[in-house]
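Chain and residue survey
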Amino acid sequence: MTLWYLARAAGVVTMIMFTLSAVLGMVMPRVRSAGWRFWLQYVHRSAAVTGLVLLVTHLVAVFADSYVSISPLVLVWPFGAGYRPFAMAVGALALYGLVLAALVGAARGRLASSEKFTKYWRKLHIAASVGWLLSIGHALLAGTDRSTPWMLGITVGCLAAVATAGVYRLNTTAAWRTQ
């Protein structure tokens, strides 16, 4: 039971950390103060790294738990899982998107002098948004607590936070273009 609780807790907190990172990433362009931008960037990256560490914890706990019997091969062939194969495929795609975004984010500072990389950075970093959305789908499809009020509340709260940040960003971007 310990691995099951660990897997559940790590999965839920992973979703919350990636939500925090997404929200901060969306509102950051509006912040003009260099000091605030520094701290928001720091929390944005820290939440993403914490999310990645908890994601690995989630995976290790799920793979080690003999009750569900999910193999690490699910990362390569998710439809081969005996437990909710479509949900595992959504989770694997979420993992790919989040890891790609982490690699691109980590390389940004090192490759900032490359004009070509800087041009494509935002397009590549959008993988984080896709990965986050797929992780929400994975939670709704695979989680054992997916239909409980507390889990639905957390999931809807995460969706609402990102949607609100997205609307805020779109409104501020539109306002800047009209000025």
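The following refers to the structure shown. If you're wondering where the values come from, they're calculated on a predicted model, not measured in any experiment.

Before going further, it helps to examine the overall build of the protein chain. What the protein chain contains, in helices and strands, is six helices and zero strands. Its C-alpha atoms give the protein chain a radius of gyration of 18 Å, near enough to 16 Å, the size a compact globule of 179 residues would have. Each of the 179 residues in the protein chain was classed as buried or not, and the buried ones make up 33%. Taking contacts inside the protein chain between residues at least 6 apart in sequence as the whole, the part at least 24 apart equals 64%. A total accessible area of about 10900 Å² is found for the protein chain, and carbon and sulfur atoms account for 71% of it.

Core analysis: the biggest nonpolar cluster contains 16 residues, and Met15 and Trp132 have the highest contact counts within it. Element by element, the count of residues in this core is highest for helix α1 (residues 2-27), at five residues. Counting residues in each nonpolar core, the second largest holds nine residues, with Ala61, Ile70, Ala81 and Met88 among its members.

A few words on the side chain of Asp65. Of note, Asp65 is situated in the loop between α2 (34-64) and α3 (85-108). Within the buried set, Asp65 has no salt-bridge partner at all; the shortest N-O distance to an opposite charge, 9.4 Å, is to Arg8. For Asp65, the side chain forms a polar contact with the main-chain nitrogen of Tyr67, separated by 3.1 Å. Ignoring any residue separated from it by four or fewer positions in sequence, one finds Asp65 in contact with Leu3 and Trp4.

On to the pattern of salt bridges, then. If you walk through the whole model with that rule in mind, you get one salt bridge. Close ionic contact of Arg8 with Asp145 constitutes a salt bridge, the shortest N to O distance being 2.5 Å. Taken together, the residues Arg8 in helix α1 and Asp145 in the loop between α5 (127-142) and α6 (149-178) connect sequence positions 137 residues apart.

The rules we used
- Residues numbered from 1 in each chain as written.
- Predicted model: local features only at pLDDT ≥ 70, side-chain atom pairs only at ≥ 80, totals over all residues.
- Heavy atoms only, no water.
- Helix = DSSP H or I, 4+ residues; strand = E, 2+ residues; numbered from the N terminus.
- Rg over C-alpha atoms; globule rule 2.2 N^0.38 Å.
- Buried < 20%, exposed > 50% of the residue type's maximum accessible area, 1.4 Å probe, protein only.
- Contact = heavy atoms within 4.5 Å.
- Areas by Shrake-Rupley, 256 points an atom, 1.4 Å probe, with all protein chains shown as cover.
- Core = buried A, V, L, I, M, F, W, Y, C linked by side-chain atoms within 4.5 Å.
- Lys, Arg positive; Asp, Glu negative; His and termini not counted.
- Salt bridge = Lys/Arg side-chain N within 4 Å of Asp/Glu carboxyl O.
- Polar contact = N/O pair within 3.5 Å; in protein donor to acceptor, adjacent residues only side chain to side chain.

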